[in-house]
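# Fold and contact review
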Amino acid sequence: MRTNFKRSDLAGRKRMLKTKIDALSMIFALFFATGVLAFSADEKGVSGRTKDRAMSGSRVASDSTMEGQRVLRALIIGINRFQDGKIRELNYCRSDAEGLTALISDRNYIPFDSVAATTLLDHEATKERVRAALEDLGRRSSPQDTVIVYFSSHGIQQNQGEAFWVLHDSRVDMEAYNRRQLRVDPETALEQSEITKLLNGIRARRLLVLVDSCFSAATVISYPRGKNFKAPKVRNPFDNFKGEGRVVITASEGTQRAAELPSLGHGAFTYFLLKGLKGKADSNLDNVVELWEIWQYLDKKVTDAVHKEGGEQRPTISSVHLTHGFPLTTYPLGDVQKPASLPGKPDHTTAVPPDAEWITINKDVGMPLRVSPTEITNRQFLDFVMANPKWRKDRIPEYYHDGDYLRHWPGPKTYPKGLEDHPVTYVSWFAAKAFAEWAGARLPSESEWTTAASGGKGTVSQTGVSLTRLYPWGNKWNPALCNHRSGTDTGTASVHAFERGGSLWPGGTIYNLSGNAWEWCNDWVFEYLTPAGTKQIVMAPVGANKKPALNRLIKGGSFLADRLGCMIGSRVWADPRLCAEDGGFRVVRD
C-alpha cells in the first residue's frame, strides 16, 4: 500500500548517521525475501470506481542478444487503477514505472550491451501477466545478466502473515469487507511465497528487486551501510566492478507508510531512485552509480524528504551473497555540476581563528608551523557562518555537502545549546577549507598533523607512517585519556577536555588529537585496482598529484572510534562532501 502524504503531527525521529571505518570489508548474509505488506483495517480507502486512463499496450524491448554480451533485463510494474472499485486508487505508481522505463532505455545512462525490459502498467499488470513475466525472466536470464524487478502498487498482509502484491485484477474479500476489514481474495493476488519462488528462478547473479509500497519491509531484515563506502575509480564499469548479489531494497520499514509527494509528482522513494541513478548518488565521483551508492542515497534522501513533511519513512535493504562492485548506471559528465572553486570566497580574513591561540611546532628543521591547539568549535564556526552567509546550512550549494551539513544545528544561525565549546561536526571538507581560508589558515597535511600529534616523534612517507609513539601521550593505550567509543555513544566533549591525553609542546598542549572528532586533512587519497586485480592506495599531498581527486584524508579518531582508530598512524578517508556526526577539523598556519 502507498499513501498520499499529508502533513501531520507525527514527530519524525531524528536519525543519527555514524561514520563506519573500513566499510569495504562488510558483506551481508541475510535471508532473501520480498517486502510487500499493506492495508490495515482502518486504512480501507473505500472509493467509487473510476474509469481507467487510455493505456498503451505493454512495452517489451527487443531480446536479440549475442552470446557474451552484458545484458540488463527488467520487469517494471506500476499500478494506479484497479478493477475492484473498493481498492483505493493511487496517483504516481504509473508515472514512477514510466520514469524508470525511460531511464533504462536511455543509452546515456545504461552501460550494458543490450537492454531487454518489460513494462506492465495498470490494466496490463494482471496476476496472470505478472506471473508470466517473472517466469519469462527465469527462462531468458543467464548468470552473467543483471536483472531488475520493480513493483509499485499496494501490498497487503493478512491471515497468518501471508503477504501479497495487489495487482490490477485483484479483488476484495467481500466477507471480510462486510465486517469492515480490508482483505484481498488470495486467488486474485500474488502471494509472497510464489513471488520468492519466481524470483529464485532467475539465474542472474546480479538481481535487484525494488518495492515501492507501504509497510514493504515487514519481512526484510535491514542493516544499513556506513556513509563512507567507497568504490574504485574506473572508466568501464565492467572492467573492475566484479561484484554480484541478490538484493531487495524497499521504500519503507515494515511499520511505515510509503509517501506519495505531490510536490515531486512521484512516490518519494522512486523520485530519489531516479535522481540517484542519473548521477546524484555517485558519492565518489567516478561516473558510475553502483548499488551501494544508490542505497546510501535513498537511505538518507527519502528519510529526510518525508521527515520535512512531518512523517517518517526509511528504506531498507536485504541481500544474499552481495559483494562489492555492483554497477547500475553511468551518466553524462555534464549532468552533475562540479564547480572549479569554492562558492563565495570568504568576505574577509582574521589573523587567527576566533578565540584561538597558536601552538608553534617544527614542521621541518628551521620551518616553524603554528597549529590550533583545539578543534574548531561550534561557536567559532558560527562566527564564520555569520561573516559568510553563503555557508549557512540553508544556503550552501548541494555539491559541497552530502545533505547532512550542520545537521545537528537547530537553525542556520544557531548551534546546539550547551555545545558552544564542543567541536563543530557535520562539516564537509569543503566547509572546513572555507573556514580555514577565512581564518587566514589552512588544513594540515598528514605529515603536519602527525608531527603535531606525536610531539615530533613521527614521520610520514608514501609507504606509511613511521612512529616511535602510538598515541599523543605515549605507547600504552589508556582509555581515560581520550574521548573514544566505550560502549555508549556519549557524543563530543569540550575541545579542552582530556588535557592529560594531549600532545605536549614547549608552547603548550594540543588537545584531542586522539578521539573526540575525526579531523579533515588536505591530502588526497586514491584507490585503484592494478592489472593483477589487487587494490592499491596512494596518499598524495596537495599539488603532488595529477590524477582525478576521489577522497580526502581524515585523522585522529572520534567518540565513535575504537582504540585502533585513535592511534596516530590510523588512516581513514572519505568523499570530501561527507558530513559525519563525529567529523570535525582543526587548522594550521605557516
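Every value quoted in this text rests on a predicted model; they were computed, and no experiment measured them. Here the residue numbering is sequential within each chain, running from 1 through the sequence in written order. It should be noted that, the model being predicted, local features are given only for residues of pLDDT at least 70 and side-chain atom pairs only at 80 or more, the latter also being counted only at that level, while totals for whole chains, interfaces and linings use all residues. The basis for the side-chain values is all heavy atoms of the structure; hydrogens and waters are excluded.

### Observations concerning the overall build of the protein
Comment: elements are numbered from the N terminus, with helices defined as DSSP H or I runs of at least four residues and strands as E runs of at least two. Counting its secondary structure elements, the protein contains 10 helices and 27 strands. Exposed residues in this analysis have more than 50% of their type's maximum accessible area, buried residues have under 20%, and partly exposed residues fall in between, with area computed by a 1.4 Å probe over protein chains only. The burial tally for the protein puts 59% of its 590 residues in the buried class. Residue contacts are defined here by distance: any two heavy atoms, one from each residue, within 4.5 Å place the two residues in contact. Of the contacts formed within the protein by residues at least 6 apart in sequence, a portion of 78% connects residues at least 24 apart. Here the accessible surface of atoms and residues is derived via Shrake-Rupley with a 1.4 Å probe, and residues count as covered only by protein chains that are part of the display. Approximately 24300 Å² of the protein is accessible, and the part contributed by carbon and sulfur atoms is 50%.

### Remarks on helix α1 (residues 93–104)
The end-to-end C-alpha distance of α1, which contains 12 residues, comes to 17 Å, matching closely the 16 Å that a straight helix rising 1.5 Å per residue would cover. Of all the residues in α1, the buried ones are C93, R94, D96, A97, L100, T101, L103 and I104. Multiply 1.5 Å by the residue count of a helix minus one, and that product is the helix's expected span.

### What about the sheet that holds strand β7 (residues 162–165)?
Strands are labelled as partners when DSSP assigns at least two bridges between them. The antiparallel open sheet is built from 3 strands, whose spatial order is β6-β7-β8. Sheet topology places β6 (155–158) and β8 (190–191) at the edges, where each strand pairs with a single neighbour. Note: β7 against β8, 2 bridges, orientation antiparallel. Looking across to β8, one finds that F164 is bridged to E191.

### Re the packing of aromatic side chains
What counts as a ring pair is set by centres within 6.5 Å for rings of Phe, Tyr and Trp (its six-membered ring), and what kind of pair is set by the plane angle: stacked under 30 degrees, edge-to-face over 60, tilted for all other angles. Applying the stated criterion to the full structure yields 23 aromatic pairs. Seen in terms of ring centroids, Y399 and Y400 are 5.1 Å apart; in terms of plane orientation they differ by 90°. Their pairing is edge-to-face. The same class applies to Y399 as to Y400, namely buried. For the ring pair Y471 and W473, a centre distance of 5.1 Å and an interplane angle of 5° mean the geometry is stacked.

### A short note on the environment of T330
One can find T330 in strand β15 (residues 327–330). When its relative accessible area of 15% is taken as the criterion, T330 is described as buried.

### Digging into the pairing of strand β9 (residues 206–212)
Buried residues dominate β9, accounting for 7 of its 7 residues. The two faces of β9 match: R206, L208, L210 and D212 on one face and L207, V209 and V211 on the other face are all buried. Pairing geometry for β9 and strand β10 (residues 245–250), over 6 bridges, is parallel. Across the sheet, L210 pairs through a bridge with I249, a residue of β10.

### Details of unusual backbone geometry
Backbone geometry places L406, a non-glycine residue, at a positive phi of 50°. Considering the arrangement of structural elements, one finds L406 in the loop between α8 (378–387) and α9 (429–438). Even without glycine at this site, N516 takes up a positive phi of about 75°. By the element assignment, N516 lies in the loop between β21 (508–510) and β22 (518–529). By relative accessible area, which is 0% here, N516 ends up buried.

### A few points about the packing of helix α2 (residues 127–140) against helix α4 (residues 192–200)
Every axis in this analysis is a line fitted to C-alpha atoms, fitted for helices over the stretch in contact. Angles between the N-to-C directions lie between 0 and 180 degrees. Where α2 meets α4, the axes come as close as 8 Å, and the angle between the chain directions of the two elements is 30°. Classified by the angle their axes make, α2 and α4 are roughly parallel. Counted together, K127, R131, L134 and E135 of α2 and E194, L198 and L199 of α4 form the full contact between these two elements. Ten residue types, Ala, Val, Leu, Ile, Met, Phe, Trp, Tyr, Cys and Pro, are classed as nonpolar, four, Asp, Glu, Lys and Arg, as charged, and the remainder, Gly among them, as polar. Tallied by class, the residues present in the contact of α2 with α4 amount to 3 nonpolar, no polar and 4 charged. An angle below 35 degrees is treated as roughly parallel, one above 145 as roughly antiparallel, one from 65 to 115 as roughly perpendicular, and anything else as oblique.

### Re the pattern of salt bridges
The term salt bridge refers to a side-chain nitrogen of Lys or Arg lying within 4 Å of a carboxyl oxygen of Asp or Glu. Going through the model one piece at a time under the given rule, you end up with 24 salt bridges. We note a salt bridge from R94 to D122, for which the minimum N-O separation is 3.3 Å. Here D122 lies in the loop between β4 (114–121) and α2 and R94 lies in helix α1, a separation of 28 residues in the sequence. Among the residues examined, R94 registers a relative accessible area of 8% and is labelled buried. Taken together, the salt bridges that share partners define one network made up of R94, E98 and D122.

### Points about the nonpolar core
With 46 residues, the main nonpolar core has F381, W391, Y405, F435, W520, F585 and V587 as its most contacted residues. Contributions of two or more residues to this core are made by α8, α9, β22 and β25 (572–574). The biggest single contributor to this core is α9, with 8 residues. Counting residues in each nonpolar core, the second largest holds 45 residues, with Y150, F269, L277 and F326 among its members. Take the buried Ala, Val, Leu, Ile, Met, Phe, Trp, Tyr and Cys residues and link them wherever side-chain atoms come within 4.5 Å; each set so joined is a nonpolar core.

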